[in-house]
Every structure is written in structure tokens, then in C-alpha cells.
Amino acid sequence: MTVSDHPLILCPDCGAAHALPPPSPGHRAECTRCGSVLRQFRSGSLEHAAALTIAALILFVVANLFPVLTFELEGRAQSATLLSGSAALWMGGYEGLAALVFFVLFVAPAAELLGTLYVVLPLAAGRRPFRHAAWAYRMVTRLRRWAMAEVFLLGLIVAYVKLSDLATLEPGASLAALVGFILVQVWGEASLSAFQVWERVAPQTRVSQAAQSPREELTACHDCRQVVAGSEGDCPRCGAGLHRRKPGSVRRSWALVVSAAVLYVPANLLPIMTVIYFGAGQPDTILSGVEALIKAEMWPVALLVFFASITVPVLKLVGLVYLLVSVQRGSPHRQRDRTRLYRLIEGVGRWSMVDIFMISLLAALVQLGAIATVEAELGSIAFASVVVITMLASESFDPRLIWDAPHLGAKGREASHG
Ligand SMILES: [Zn+2]
Ligand SMILES: [Zn+2]
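A brief structural summary. Everything quoted here is computed from the prediction, not taken from an experiment.

**Examining the coordination of the zinc ion (ligand 1)**
Then, in step 1: At this site the zinc ion (ligand 1) is bound by Cys11 (SG), Cys14 (SG), Cys31 (SG) and Cys34 (SG), with donor distances of 2.2 to 2.4 Å.
Then, in step 2: Coordination at the zinc ion (ligand 1) is tetrahedral, judged from the 4 donor atoms that bind it and the angles of 102 to 114 degrees they form at the metal.
Then, in step 3: Of note, the zinc ion (ligand 1) draws all its donor residues from one chain, in the sequence arrangement C-x2-C-x16-C-x2-C. You can see Cys11 sitting in the loop between strand 1 (8–10) and strand 2 (17–19) and its partner Cys31 sitting in the loop between strand 3 (28–30) and strand 4 (37–40), a full 20 residues away along the chain. We note that Cys11, like Cys31, is buried.

Below, the structure is given as C-alpha cells:
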């Protein structure tokens, strides 16, 4: 077998074609052009992955059954479960925010777990995959970025620190299950790669360099990475629509970046919550919340909130504007660094949800009538919108545009790639 007979893989971040030999355990292939991981073969088996997913599901159920935190003040106690925050926001008239918190803390993780089990269980038992397994796994991979249990845990730590000088706080019975769930999920993801699962769900139809189609005509599925000659119709493996580049990527990313930038102003100027403690208190903006933490000499948490809520959204917006402008100007410079910047923006986006989880927990815990109450304020809606819209903006951006013929503007490229 000559090198050119190996099946082709297209780099998801720069579009370069690579002919890779069959994988062996521990194998990890990186793109020679942009440095992205092309393919990874991890040591775990499907049986292992199935066992870890079942364990994660049990821990997730337990994490939802009991309180994660209990707040005691003046002989009165209030407990919060994983979903109390969502309920408290709903009661307070913030239905949209409540739905968002419910989605990222319950719907997305639950669907990810059940979808993974649906795909992996029959394979682990040595059977053929269930019907629509490819569709299920596609949904699992798409939902993963919206499942935010670990970000919630950070929000819980911030809430704990904020309340610890006001009242007595007790970790609840479900907190250990929540931590366990997060660890087992990380372990599961580290033991089996998406590449391995896809190979078992529906092996790639091999497209090799020896095939008739010239490289220019190849398209890789955005979801399962199946390589196809041509760029029409649906992916033969997972059914996703095929596009050589994400359609309307530049236009859509710009629209989302501009919306997020506009919303960033009220997100920072308007109060995000009001804490009333023994009849006294005032609305807090994100920045005044950080100031209060600094005054209380809670430096690590103050830095964390400042970084997650103020620095990360600005960096994401500035970074995306830079990527969009450089792509539109067809810049040939620093393509590798820009691809790295894109991956960074993609990775950190979700962590800005920390403040939203903190507010939802405080609103659930601090409901002691005349003694102390916490309520969400309008700024929290603007802020949550900034987080969600910037996540959608980075999802819409196609990093391969950074590498497409630099002399062509993005307009020309989008037109030619549809
Ligand atoms: Zn690459
Ligand atoms: Zn596909």
C-alpha cells in the first residue's frame, strides 16, 4: 500500500487534506498545517465507555434529587437543588433566563447522556447500532458545548463565597454526586474519541487520493468528518447537510458579533441582581459585584468573576472581529496563530455563564422574606444574551476561511463555496 492509497481526512480547522495510515491504540494525528488534532485513538473500549456513561447517568440523577447547598440565617434554612435556581428565576418573572439555565443544566446534559448510551450500549454488547444511531450521535456532539455542569460548579463556589460572611452554608447531599458526575464525564470523554465511536456507528466510506476526484472537490462533513467527493446533498454517514464551508459564515458571524457588542453595554451598565439584607441593600452590576468581593478581600473569586464575566466576553468579541476582518481582507499572515485564537475563543466561551449560575443560586437560596432576599435584575438577561450570542457567533465562524486562498476576499469564497 502506498501512502497515497490511505483514506483521506480533511482538517476541520484549515481544510487541508491528509492521507493517514490506519490508526493504532494511542495514535494521535495532528494537522501539519495548522496543528489541530485530526484524529485521536484512545485506550478505552466501548464497554468501558458504556460503563462510564451509565455511572455518569446515575450520578446525574442523584445530583438532581437532593440539595447541593443549604443556606441558614437567623434560624431559618433554605436549600437549593441543581434546578432550584431555574425555578427561582421563573418565579421572579425571568422566564427566558430560567429556560436557558434549565436547558444547559438539565436538558443538554440529560440528552447527551441518553444519546451516548443509545449509541454506545448496543456497540459495547457487540451488536449492530440501533436505528438512527448516527443522528443521535450527531445531536450528542452538537449538544456537548451547551451542557454546563462544570461551569455551574464554579458558579456554586462563587455563590458560596459571596454568602459565607452573611450566613451559615452547608454543602448538600447532591454536591458530591455533582462533582462525581463531572469527573466521570471527563473520564469518559478522555477514554474514547468521537472518531472511534463514528467508526463503529458507520465506518467512513473511503475516499483516497487515488480516487478520481481532485482534492478541490472534496468536502468533509462538519459533524462526523466523513469525506465526500463533491459538496452537494446530505452526508451519507450522519445525514447532516454537506457544505464545503459553513454557509454564510462571515455574514452570520458579523450579525451575531454586532448584536452581542450592543448587548454588552446594558449587560454591564444595568444591575444584574439586588441583594436585600435586613432591609438594606442596592442593585449590583457585574463590576460592583467584583468590587464587593475585592472589599471583602476575596481576591481569588473576585479575579475569577472579573475574568469570566468581563474579560472573556470582551476578548471573544475583539478576537472574532479581528478574525472576521482578517478573513475578509484575505490576509495571508499568521494563519496558524489565528486558528489557535479561534480554538481558544471556542473553548472559553461557556465559562462566562458563571455569573448567571451564581445569580440563579442566590435567588433560590436567599428567600427569607424580611431577613434577606436576592432577586435577578434586567442586566442578567442582557449578560446571558451576550454569552449565548457570542457562543453562536464563534460556532458560525468557519476557521477554514483563514486558510482559503488568501488573495480572494471572503465574499468571493463564500460565493464559490455556497
Ligand atoms: Zn489543519
Ligand atoms: Zn456526517
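**Here's the deal with the sheet that holds strand 10 (residues 273–277)**
Then, in step 1: If you trace the 3 strands from one edge of the open sheet to the other, you get 11-10-12, paired in antiparallel fashion. At either margin of the open sheet sits one strand with a lone partner, and together these are strand 11 (283–284) and strand 12 (372–376).
Then, in step 2: Pairing geometry for strand 10 and strand 12, over 5 bridges, is antiparallel. Paired with Met273 across the two strands is Ala376, which belongs to strand 12.

**Digging into the side chain of Gln226**
Then, in step 1: Mapping Gln226 onto the fold places it in the loop between strand 8 (218–220) and strand 9 (227–229).
Then, in step 2: In this view, Gln226 contacts Pro203, Gln204, Thr205, Thr219, Ala220, Cys221, Cys235, Pro236 and Arg237; residues no more than four positions away in its chain are not counted.

**Section: the sheet that holds strand 7 (residues 168–171)**
Where strands meet in a sheet, backbone hydrogen bonds hold them as pairs that are either parallel or antiparallel.
Then, in step 1: One open sheet accounts for 3 strands, arranged 6-5-7; its pairing is antiparallel. Unpaired on one side and paired on the other, strand 6 (76–80) and strand 7 mark the two borders of the sheet. Along the sheet, successive strands turn relative to each other by an average axial angle of 20 degrees, direction set aside.
Then, in step 2: For strand 5 (residues 69–73) and strand 6, the ladder comprises 5 bridges, and the chain directions are antiparallel.

**Observations regarding the coordination of the zinc ion (ligand 2)**
Each pair of donors in an ideal octahedron of six around a metal sits at 90 or 180 degrees, and each pair in an ideal tetrahedron of four sits at 109.5 degrees.
Then, in step 1: Distances from the zinc ion (ligand 2) to its protein donors, Cys221 (SG), Cys224 (SG), Cys235 (SG) and Cys238 (SG), fall at 2.2 to 2.3 Å.
Then, in step 2: Because the angles between the 4 donor atoms bound to the zinc ion (ligand 2) fall within 102 to 115 degrees, the donor set is best described as tetrahedral.
Then, in step 3: Site description for the zinc ion (ligand 2): donor spacing in sequence, C-x2-C-x10-C-x2-C. The two residues Cys221 and Cys224 agree in class, both being buried.

**Looking at the packing of aromatic side chains**
Then, in step 1: The tally for this structure, following the rule as stated, stands at 8 aromatic pairs.
Then, in step 2: Ring centres 5.1 Å apart and planes at 45 degrees place the aromatic pair Phe60 and Phe181 in the tilted group. Taken together, the positions of Phe60 in helix 1 (residues 46–65) and Phe181 in helix 6 (residues 173–191) put the pair 121 residues apart, joining distant regions of the chain.
Then, in step 3: Accessibility expressed as a relative area gives 1% for Phe181, which makes it buried.
Then, in step 4: Judged by centre distance (5.4 Å) and plane angle (20 degrees), the ring pair of Phe102 and Phe106 falls under stacked. Remark: Phe106 and Phe102 occur in helix 3 (residues 95–124); sequence separation between them is 4 residues, near one turn of the helix.
Then, in step 5: With relative accessibility at 34%, the residue Phe102 sits in the partly exposed group.
Then, in step 6: The partly exposed category is assigned to Phe106, whose relative accessible area is 29%.

About the thresholds
Residues numbered from 1 in each chain as written. Chains lettered and ligands numbered in written order. Predicted model: local features only at pLDDT ≥ 70, side-chain atom pairs only at ≥ 80, totals over all residues. Heavy atoms only, no water. Donors = N, O, S within 2.8 Å, 3.2 Å for Na, K, Ca; no water. Tetrahedral: all angles 85-135°; square planar, octahedral: opposite > 155°, others 65-115°. Helix = DSSP H or I, 4+ residues; strand = E, 2+ residues; numbered from the N terminus. Buried < 20%, exposed > 50% of the residue type's maximum accessible area, 1.4 Å probe, protein only. Pairing = 2+ DSSP bridges. Contact = heavy atoms within 4.5 Å. Axes fitted to C-alpha atoms, helices over the stretch in contact; angles between N-to-C directions. Phe/Tyr/Trp six-rings, centres within 6.5 Å; stacked < 30°, edge-to-face > 60°.

Geometry only, nothing functional implied.
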